[in-house]
Amino acid sequence: MKVKELLHGWEILSAADGVLETEVSGVCWDSREVRPGDLFVAMTGFAADGHRFIPQAMAAGAAAVLCQNAPEDGVPFVRVPDSRRALAVVGGNFFGHPADAMKMTGVTGTNGKTTTTYLLKEILESTGAKVGLIGTNQNMIGQEALPAERTTPESFALQALLAQMRDEGCTHVVMEVSSHALALDRVYGIPYDVGVFTNLTQDHLDFHQTMEAYCGAKAILFRNCRAGVVNADDPWTPRLTEGASCKLLTYGERAAADLRAEDVSLGMDHVSFTAVYRDSRTPVRVNIPGGFMVYNTLDVLGAALELGIPIEQSAAVLSRAAHVKGRVEVVPTPGKAYTILIDYAHSPDSMVNVLQTVKGFAKGRTIALFGCGGDRDKGKRPKMGRAAAENADFAIVTTDNPRTERPGDIIADILPGLEGLGTPYEVVEDRVEAIHWAMDHAEPGDVIVLCGKGHETYQEVGHEKRHMDEREIVRDYL
């Protein structure tokens, strides 16, 4: 494909002689993966500036360079105002704009994205649709599972995945859209039929710096969709929807909303409520516990409505929907009088949600085992400690994904949040040993909640991902 065809519809500031007519065989934005004949896209990144690696890309055989800053003399280049957005445009043109051929739903928010996408996928499949799913746990084409490196792939990789979904007959795509993806233009140019907002609580401030900027990133989705389904009970929703170009359907339990939950009942293994929409009242039950599931169900019902599926039909599917891996997931402990749950809770709000849920049905103590990720928002660490102190009967502070930080330093940031409330706690730095300690000291009726890892089967130490599946740790120790 010629460079000029890849950049169709995008502004070109300047180009070396003949470059626009150059045929390229592929597109790459990582100089270490360039193959002969590729177009190398140099982007200014969060951690590094891709323009620094143009010499390596050329040495590897790149046919041309797409960049923002003019390179050294002799490099066959095309210069554009924004090479990150240009990569998204190039991806759309290279793969023939696959999103246009499918119904696209994007789900954004701090918590609940994964559960929402899985439940909506089940509802859509009940209508006979073939659904692609993109998200934190995995990517899926129908029932085929594909690995996921991050919640939302880089724009060109995302377009490649969407093209694969289109080519394999998908009619709908349901995807998690992270704030990073929105801020870094990974989904630039993708038209969404429905955008869903779950909630906004503190997370990712190492990247966004402020909650206002975090909210602003999420708001981008609602300037690029036909219909928005938003949480009327979340205090950030008015700011999020300022300037939204789409029609809005609100949902909630407390505030006035288009779609409301009434008669809410929380069980140890389910939630149920009456969904009130216009003149209809529909009983709804989902076999996943927790008050937060009321919202994770309302947003699914709202999204399905915007995709043409009546609430009664969606409710019938939800009543038999499968549990989502890593979300209030029970780990088998045969012969033991205690219970172990795995949950992805890795923000203060999500910890409060899961621990309050467990408190509602635990016959003994609610025990929170948790840590915080390294190289991430340090401001939430004491808040995680506070969430455990206020909502658990006992806390075990350990390691999550330390990355390049010392685990002891991360734990030291957590501990101030545990002080002063009288909640007993233990520090066990090694996570495997911490799980063993919890099992050794559990009493009949206790519920141990392993917070933070959820679906993950690895631990990031330094720049390495080491295998660590908490299900295996529990099983092997038993």
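See the structure printed just above.
Keep in mind it's a predicted model, so treat the numbers as computed, not measured.

A. Summary view of the overall build of the chain. For the chain, the helix and strand inventory stands at 16 helices and 24 strands. For 478 residues, the compact-globule estimate of 2.2 N^0.38 gives 23 Å, and the C-alpha radius of gyration of the chain, at 24 Å, lies within 12% of that figure. For the chain, with 478 residues in total, the buried portion stands at 57%. By sequence separation, contacts in the chain at least 24 residues apart represent 65% of the contacts at least 6 residues apart. As displayed, the chain offers around 19200 Å² of accessible surface, 49% of which is attributable to carbon and sulfur atoms. Computed over 46 positive and 64 negative side-chain charges, the inter-centroid distance for the chain is 2 Å.

B. Geometry of the packing of aromatic side chains. By the definition in use, this model includes six aromatic pairs. On the numbers, 5.1 Å between centres and 55 degrees between planes, the contact of Phe 95 with Phe 156 is tilted. With Phe 95 in helix H3 (residues 83-95) and Phe 156 in helix H5 (residues 155-167), this residue pair connects regions lying 61 residues apart in the sequence. The class for Phe 156 is buried, based on a relative accessible area of 8%. Through a chain of ring-to-ring contacts, the aromatic side chains of Trp 29, Phe 94, Phe 95 and Phe 156 assemble into a single cluster.

C. Region of interest: the nonpolar core. The biggest cluster of nonpolar side chains holds 64 residues, and the ones touching the most others in it are Leu 259, Met 351 and Phe 370. Residue contributions to this core peak at nine residues, all from helix H10 (residues 292-306). Apart from residues no more than four positions distant in its own chain, Phe 370 is found in contact with Met 351, Met 384, Gly 385, Ala 388, Ala 395, Ile 396, Val 397, Thr 398, Ile 414, Arg 431 and Cys 451. By size, the runner-up hydrophobic cluster in this structure holds 31 residues, among which are Met 102, Val 173, Phe 197 and Tyr 214.

D. Up close: the pairing of strand S23 (residues 458-461). Note: S23 against strand S24 (residues 464-467), four bridges, orientation antiparallel. Counted as the bridge partner of Val 461 is Glu 464 from S24. Counting the residues between successive antiparallel strands, the hairpin from S23 to S24 contains two residues, one of them, Gly 462, with a positive phi of roughly 65 degrees.

E. Spotlight on the packing of H3 against H5. The interhelical angle for the contact between H3 and H5, taken along N-to-C directions, is 20 degrees, at an axis separation of 8 Å. Of the possible angle classes, the one that applies to H3 and H5 is roughly parallel. H5 is crossed by H3, and the crossing has right-handed handedness. Contacts between H3 and H5 involve Arg 84, Leu 87, Ala 88, Val 90, Gly 91, Gly 92, Phe 94 and Phe 95 from the former and Ser 155, Phe 156, Gln 159, Ala 160, Ala 163 and Arg 166 from the latter.

F. Here's a closer look at the environment of Arg 471. Turning to its location among the elements, Arg 471 is positioned in helix H16 (residues 470-477). With 17 residues separating them along the chain, Arg 471 and Gly 454 place their C-alpha atoms 10.0 Å apart. Excluding residues within four positions of it along the chain, Arg 471 makes contact with Lys 325, Gly 326, Glu 329, Val 331, Ile 342, Gly 454, His 455 and Glu 456. Polar contacts involving the side chain of Arg 471 include one to the main-chain carbonyl oxygen of Gly 454, which spans 2.9 Å.

G. Helix H13 (residues 381-391), seen in detail. Taken residue by residue, H13 has Arg 381, Met 384, Gly 385, Ala 387, Ala 388, Ala 389 and Asn 391 as its buried positions. Residues of H13 that are buried sit in contact with helix H12 (348-359), strand S19 (366-370), strand S20 (394-397) and helix H14 (407-414).

H. Highlighting the side chain of Asp 234. Position of Asp 234 relative to the elements: it lies in the loop between strand S12 (225-231) and helix H9 (237-240). For the buried Asp 234, no salt bridge exists, and the shortest N-O distance to an oppositely charged side chain is 7.7 Å, to Arg 254. Within the local environment of Asp 234, its side chain forms a polar contact with the backbone nitrogen of Trp 236, the two atoms lying 2.9 Å apart. With sequence-adjacent residues up to four places away left out, Asp 234 is seen in contact with Phe 197, Asn 199 and Leu 200.

Here is what the cut-offs are and how they apply
Residues numbered from 1 in each chain as written. Predicted model: local features only at pLDDT ≥ 70, side-chain atom pairs only at ≥ 80, totals over all residues. Heavy atoms only, no water. Helix = DSSP H or I, 4+ residues; strand = E, 2+ residues; numbered from the N terminus. Rg over C-alpha atoms; globule rule 2.2 N^0.38 Å. Buried < 20%, exposed > 50% of the residue type's maximum accessible area, 1.4 Å probe, protein only. Contact = heavy atoms within 4.5 Å. Areas by Shrake-Rupley, 256 points an atom, 1.4 Å probe, with all protein chains shown as cover. Lys, Arg positive; Asp, Glu negative; His and termini not counted. Charge placed at Lys NZ, Arg CZ, Asp CG, Glu CD. Phe/Tyr/Trp six-rings, centres within 6.5 Å; stacked < 30°, edge-to-face > 60°. Core = buried A, V, L, I, M, F, W, Y, C linked by side-chain atoms within 4.5 Å. Pairing = 2+ DSSP bridges. Axes fitted to C-alpha atoms, helices over the stretch in contact; angles between N-to-C directions. Parallel < 35°, antiparallel > 145°, perpendicular 65-115°, else oblique. Left-handed = near helix turned anticlockwise from the far one by under 90°. Polar contact = N/O pair within 3.5 Å; in protein donor to acceptor, adjacent residues only side chain to side chain. Salt bridge = Lys/Arg side-chain N within 4 Å of Asp/Glu carboxyl O.

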